Each structure stands twice: as C-alpha cells, then as structure tokens.
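# Fold and geometry: a report
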Amino acid sequence: MEPPKDTDFSTTANIVAAFTSARRQEKCATPLSLDDTTFQAASQQQQMFILINAERVDRGLPALQMDTTLLSQIAFNHSKELIDYNYFGHASPLHNGLFDKANASVDTLLTNRALAENIFGGGIPPAAMVYGYMYKDAGSSWGHRRNILSATATWVGIGFVSGAGTPYGTYNTIDFLGDSADNPYTPPDTADTTSPALDAPTITNNPAGGALAVQVTNVSDGDSPDGVGDVVGVVFYLGAAVVNGKPQTVSATQSQSDPGTWTASLPAPAAGVAVGTLHAVAVDGSGNYMDCAAGAGRCVPTYGDMKPPTMKPPVRPAPRHQPAPCHKPAPHHKPAPCHTPAPPRPHASRPSSVDTPHGAGVATRAGR
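A brief report on the enclosed structure follows. As the structure is a computational prediction, the values presented were derived from the model and not from experiment.

## Brief notes about the state of the cysteines
One pass over the structure, following the stated rule, counts 1 disulfide. Through a disulfide, C292 is tied to C299; the S-S separation comes to 2.0 Å. Between C292 and C299 the disulfide shows an S-S torsion of about 75°. By sign, it is right-handed. For the pair C292 and C299, a shared accessibility class is recorded, and that class is buried.

Spelled out as structure tokens, the structure:
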C-alpha cells in the first residue's frame, strides 16, 4: 500500500472530499457521508471502523460488527508485539498466530473460520490508512482492499499501539473474521487484558558447545473470563527474539504431569550471545504475553497490563439508501464498471510488506 501523498486528512470535510474523489475516479457516484461530530469524537479504532463500514455499505456489502473483547485484543497485542520485538509482519515470534488453525495458538473460538489481517506502520491518521488500503493498494495487489471488502467477513477487531523511537511510530492491526448461520461466532462477554505469570527461566543442562536444555515453571493465566485466554504456548530465546526480521524463538513443550512446566532445547548460543540472556515468553489465547528474563525471579503482571486505550462503544452506521455498487480496481489497476466485489480466494496467501519512503509499512494476509 502506498500512503496517500499531499492529502490532508485532518478534518472531516477533507476526508469526505478525498474519498468521494477517489470513488468518482472508479465511476462510483456514491459520495462518502460522515457525521462530523460523531467522527471527530471517535477514537482511532472507531474512526477506522466507521470508514471500513462506510466503504462496505456504500458498495452493497453488509456492515461488519466490532468485536471489542477477543479480536480487538488480539489485534492490539499484535501491534504491541511489532513494537516490543522490532519486526513488521504477520508471523509472530511468540506464537503461530491467527492463521494456524491446526494449532491452538490463538483462542479456539477462532478455529476453522475465515480469517484475514491487515497491518500498517506509520504516523498518519486512521482515515489516511483506510484511504491507502482502498485506493493506493496496487503495490500489494489490492490485498488490503480485498480484505476490507470481503463478502465473507462479518466481524472485525482493530488495535492501535504507538511507541516513541520505533521505526513507524504508530502500528495498526485489523483482524477480520467470517462466520455463518451454521457456525456463528459470539465474542466473549469480557476481554482478557492481563498477561500470564511465570517463574524466571532456567538452564537445566549446558554441555560445552552443545544444545541448552531450558525450563520454566509455574506458568499460569489467572485472568481468563468465560474460559478464554488460557496459556496456549511458551517460547524461549537467547539475546533477542527477532534478528534482522527473523524469529529466534524456540517453542516449548508443556509437561503432561505438571501443566505449569514447559521445557525446550535451544541450539548452542551463537558467538557473542551469553547464556545469561535467556528469556521465556508465555502467551495466552488473547495474545497477551509476559516476557521473563533469567534471574528475574517470578514475573507477575499487574491486572489489566495489556489493556488497550479505552474503547468507545461500537458505532453502528445509520441506515443508508441502497447505493449503486462500487468496485475494487480490476487486476490491471484501472477502474472498470462498478460491481459488488467477489469473495477473496479461499487459500492462504503469502504475507507481503511494502516500506515506503514516507515512513510507512503495510502488509496483508488472508487465510481460511
């Protein structure tokens, strides 16, 4: 995705003008309509939600529902991960993520459902992000736009995290979910916003020049409303979890006799990496994580330590007239006559990212 250039998204009027102009270039006569008071009072999350649904409804697609408890928590935690471990991508160094349905690395409520994800890094307003996804996405083969306009998507979770001194400043993750009448999705009543607790990791065997046997004990997750958010995995690493964009973590095995104990075998340390830099990271089903270093004693979270900024109640769009459907650009990236977008392809696509000279990064992934 290419961030929009020379466009001011600071006012509602400017946003409406930019989106309406872009639609007209695609021969869509339906202008964007926003209530200035509602939009300017909305959080970053809600502004993005309003615009995503406006783009869908004005193309004859049903509005998405906001999941503020599970999908948004997972999205928030992924954005936080991008900052904490200094990488940019969908594949997590801490767990298998949304797209590994065979492995319970995210909450089982998401198993066997159509899922997709957009991520963005850059210090621009939510409106500029959505505009880029929708109208400047040729560099990503319009994958972000397909996710937003997916005919199978029914729910969305949105998470923003900002970090001073990071490559992109603000990171955004959008997670889409599709359910059906025969397999309906119901979000948990409350969000799990507290990370797991664990003892500091230890080395149980350190042969000269050989692999390290490591262990962590008393891993637990005490904040799991409605059975959501149990610890789903532990990883170990030495030094850094990600080096040059590549995960350096090793997944642990949970003890059958003592579920709070996890063990793993780490490769012999690379030159210059001390065994004293051992870390263990426990992750729960909402993507909350606790990173505990060797010698730290017991790592215990503060209640709600992974809570996102206060979310306003979901904004549901006002009923609209049935518009003349708009469309996504044809594969050659030139507008064609308006039509309702086809559903995304059912197979998973390889993640891609584009870093632009304007300080933004973006990637998209769709899976099923």
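## Some words on unusual backbone geometry
Phi is positive for N86, close to 50°, though the residue is something other than glycine. Among the secondary structure elements, N86 is positioned in the loop between α4 (71–84) and β2 (114–121). Notably, W142 is not glycine yet its phi reads approximately 60°, a positive angle. By secondary structure assignment, the location of W142 is in the loop between α5 (126–135) and α6 (143–148). Exposure remark for W142: the relative accessible area of 6% places this residue in the buried category.

## Digging into the nonpolar core
Among soluble globular proteins, nonpolar side chains are generally buried collectively. Counting residues in each nonpolar core, the largest one holds 36 residues, and the members touching the most others are I15, F19, L51 and I158. Listed by contribution, the elements that provide at least two residues to this core are α1 (12–25), α3 (44–57), β2, α5, β3 (155–162) and β4 (170–178). Discounting chain neighbours no more than four positions away, the residues touching I15 are F9, L32, L34, F39, L51 and A127.

## Describing the sheet that holds strand β8 (residues 231–238)
Across the sheet, 4 strands lie side by side as β11-β8-β14-β15; this open sheet has antiparallel pairing. Each having just a single partner strand, β11 (250–251) and β15 (289–293) make up the two edges of the open sheet. Inspection of the sheet shows strand β14 (residues 278–284) paired to β15 by 5 bridges, in the antiparallel sense. The partner of V283 across the bridge, within β15, is Y289.

## Some remarks on the sheet that holds strand β6 (residues 202–205)
Read across the open sheet, the 4 strands follow the order β6-β7-β13-β12; overall the sheet is antiparallel. Single-partner strands in this sheet number two, and they are β6 and β12 (253–254). Bridging between β6 and strand β7 (residues 212–216) involves 3 bridges; their strand directions are antiparallel. Among the inter-strand pairings, I203 is bridged to a residue of β7, identified as V214.

## A word on the environment of S220
Within the fold, S220 resides in the loop between β7 and β8. In this structure, the C-alpha to C-alpha distance between S220 and S195, residues 25 residues apart in sequence, is 9.3 Å. The residues contacting S220, other than those within four sequence positions of it, are P196, A197, V231 and R298. A polar atom in the side chain of S220 sits 3.5 Å from the side chain of R298.

## What to know about the pairing of β4
For β4, the tally of buried residues reaches 9 of 9 residues, placing the bulk of the element in the interior. A two-sided burial pattern is seen for β4, the buried positions comprising T170, N172, I174, F176 and G178 on one face and Y171, T173, D175 and L177 on the other. One ladder, built from 8 bridges, connects β2 with β4; its direction is antiparallel. Residue pairing across strands places N118 opposite I174, the latter belonging to β4. Examined bridge by bridge, β3 and β4 share 8 bridges and lie antiparallel to one another.

## Details of the side chain of R56
Positionally, R56 belongs in helix α3. Here R56 occupies a buried position and makes no salt bridge, while the nearest side chain of opposite charge, D179, is found at 9.9 Å. A distance of 2.9 Å separates a polar atom in the side chain of R56 from the backbone oxygen of I148. Leaving out residues up to four positions away in the same chain, R56 has contacts with L61, P62, A63, L64, I148, L149, S150 and A153.

## Here's the deal with the packing of aromatic side chains
What the rule picks out here adds up to 9 aromatic pairs. Here F19 and Y135 contribute two aromatic rings whose centre-to-centre distance is 5.9 Å and whose plane-to-plane angle is 85°, an arrangement assigned as edge-to-face. Here F19, found in helix α1, pairs with Y135, found in helix α5; they are 116 residues apart in sequence, far enough to count as distant. Here F19 matches Y135 in class, with each residue buried.

## Re the pairing of strand β13 (residues 262–266)
Of the two faces of β13, only the one carrying W262, A264 and L266 is buried; T263 and S265 on the other face are not. Summarising the sheet, β7 and β13 pair through 5 bridges and their orientation is antiparallel. Considered in β13, the bridge of L212 is made with L266. Pairing of β12 with β13 involves 2 bridges; the strand directions are antiparallel. Pairing of Q254 across the sheet is with W262, part of β13.

Analysis parameters
Residues numbered from 1 in each chain as written. Predicted model: local features only at pLDDT ≥ 70, side-chain atom pairs only at ≥ 80, totals over all residues. Heavy atoms only, no water. Disulfide = S-S within 2.5 Å. Buried < 20%, exposed > 50% of the residue type's maximum accessible area, 1.4 Å probe, protein only. Helix = DSSP H or I, 4+ residues; strand = E, 2+ residues; numbered from the N terminus. Core = buried A, V, L, I, M, F, W, Y, C linked by side-chain atoms within 4.5 Å. Contact = heavy atoms within 4.5 Å. Pairing = 2+ DSSP bridges. Polar contact = N/O pair within 3.5 Å; in protein donor to acceptor, adjacent residues only side chain to side chain. Lys, Arg positive; Asp, Glu negative; His and termini not counted. Salt bridge = Lys/Arg side-chain N within 4 Å of Asp/Glu carboxyl O. Phe/Tyr/Trp six-rings, centres within 6.5 Å; stacked < 30°, edge-to-face > 60°.

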